[in-house]
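# Residue-level structural notes
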Amino acid sequence: MPSDTGERMTYEEAVDRLPGRGVPSFWVGSREALDERLDAVVRGRVETIAQSPGDRPIRLVAYGARDEPERRANFNSAVAARDPTNYADRDERENPVVCFVGPVHGHEVEGLTGLCNLLSILETGSDLRGESRPVVRQLADQCRLLVVPCGNPDGLARFEPDSLHGLTLSDLEFWGQGTWADDRLIGWPDAKQQHPMTGENVGFLGCYFDDDGVNPMHDEFFDPMGPEAPAILDVVRREAPDVTLSLHSHGYAPTLHRTKYVPPAEQADVRAIHREYNSLLGARDIPTLPLVDVAAESGTPPPHFNLLSAAYHVSGTTGVLHECPHGLDDLCPASHEDILETQLALYESVLRYAVERDG
Ligand SMILES: [Zn+2]
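In short, a report on the structure. Computed from a prediction, not measured in an experiment: that's the story for all the values here. Chains are numbered independently. Their residues run from 1 in the order of the written sequence. Only residues with pLDDT of at least 70 are given local features in this predicted model, and only at 80 or more are side-chain atom pairs given and counted; all residues enter the totals for whole chains, interfaces and linings.

### Some points on the sheet that holds strand S7 (residues 243-250)
Quick note on the threshold: The rule for pairing is simple: two strands pair if DSSP sees at least two bridges between them. We count a stretch as a helix when DSSP gives it H or I for four or more residues in a row; a strand needs E for two or more, and each element gets its number in order from the N terminus. Angles here are taken between N-to-C directions and fall from 0 to 180 degrees, while the axes themselves are lines fitted to C-alpha atoms, restricted in helices to the stretch in contact.
The strand order across the open sheet formed by seven strands is S1-S2-S4-S3-S7-S9-S8, and the pairing between neighbours is mixed. With one partner strand each, in any of the chains shown, strand S1 (45-51) and strand S8 (255-257) form the two edges of the open sheet. Between one strand axis and the next, the sheet turns by 25° as a mean value, whatever way the strands run. In terms of strand pairing, strand S3 (residues 97-101) meets strand S4 (residues 144-148) through five bridges, oriented parallel. Looking across to S4, one finds that Phe 100 is bridged to Val 147.

### Observations regarding the pairing of strand S9 (residues 318-325)
The side chains of a regular strand alternate, first on one face of the sheet and then on the other. Which entries qualify depends on this criterion: Three exposure classes are used, all based on how many other C-beta atoms lie within 10 Å of a residue's own C-beta (placed from the backbone): buried at 20 or more, exposed at 12 or fewer, and partly exposed between those limits.
Taking burial as the measure, the eight residues of S9 include eight buried ones, the bulk of the element. Of the two faces of S9, the one holding Thr 318, Val 320, His 322 and Cys 324 and the one holding Gly 319, Leu 321, Glu 323 and Pro 325 are both buried throughout. With eight bridges connecting them, S7 and S9 associate as parallel partners. Note on S9: the bridge partner recorded for His 250 is Pro 325.

### Examining helix H4 (residues 109-124)
To keep things clear, this is the line we draw: Multiplying one less than the number of residues by 1.5 Å gives the expected span of a helix.
When the terminal C-alpha atoms of H4 are compared, their 22 Å separation across 16 residues agrees well with the 22 Å that a helix rising 1.5 Å per residue should span. The buried fraction of H4 amounts to 14 of the 16 residues, a majority that puts the element mostly inside the structure. Phi turns positive one or two residues past the end of H4, at Gly 125, with a value near 90°.

What follows is the structure in structure tokens.
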């Protein structure tokens, strides 16, 4: 995708482009809507795991009993001892552990909506449209399920449209990656050229970033710049999930990305999840993209390390990186309903994989 097209957009122009329409009642595209959903949690246990630079809480919702594994070593030392059970004996656990990490990019509210609908299913058996979801509920009930609905509340607070559905790539670039001081859209992947995204050359700070300009997907994991990524990695480290899902969105059809810098066997597991996921989407007439590759790390420039790579290296978790369509008019139109179905099909695939691998 071309990033710097030289296109400019001011904040006033971006707001003027927002259509005068609401979002469906099952949609969760703002901090207020998220808080309302978290207030409705009774069965799950809600915990604040960090405070953002903008002083907003990052919350974890947990379902299912925790098996406290005997832990003699951290993951990489356990592996070096040739026995990962020194870190966590996953076979000894009663139930698989699954971690769903909501958007660390504030405008990618498709995952936030999906997870809040999942919370509703876990609380009431029905999604926020009132539709009963017995398959997802029954799979989830066989797991310890950890849900971080929003991994970047500062970015979410900066997101005014509530949904990019029906808008265009330019709107995505404005709200997502932001602008330089001369109002040029930064776009992707140029938004990673400068990190943290601070300084006089920055115009509108995109929802990719927290209030300190940090993109949690590309924090400095050995010397953290922000609180979001370390809080997520702490949950992963202490819970040793079998699978960790990181939710993102883009302009195209739903897909998984290869998790880099993890063993090929882990990548093959993600490919198997992708196959099941694509077949569920096909049954719902939702477009799909080709299955994610299994590959060695090579090339110039080399593949990049990110939050999900780090999640593997602190816990051995199988990391699944999902991209959901925003429903942009000029790239991949999708209704709000299709976006919700996409999310729920993904959760079903991941939960089934965890339950079947455990069984
Ligand atoms: Zn993202």
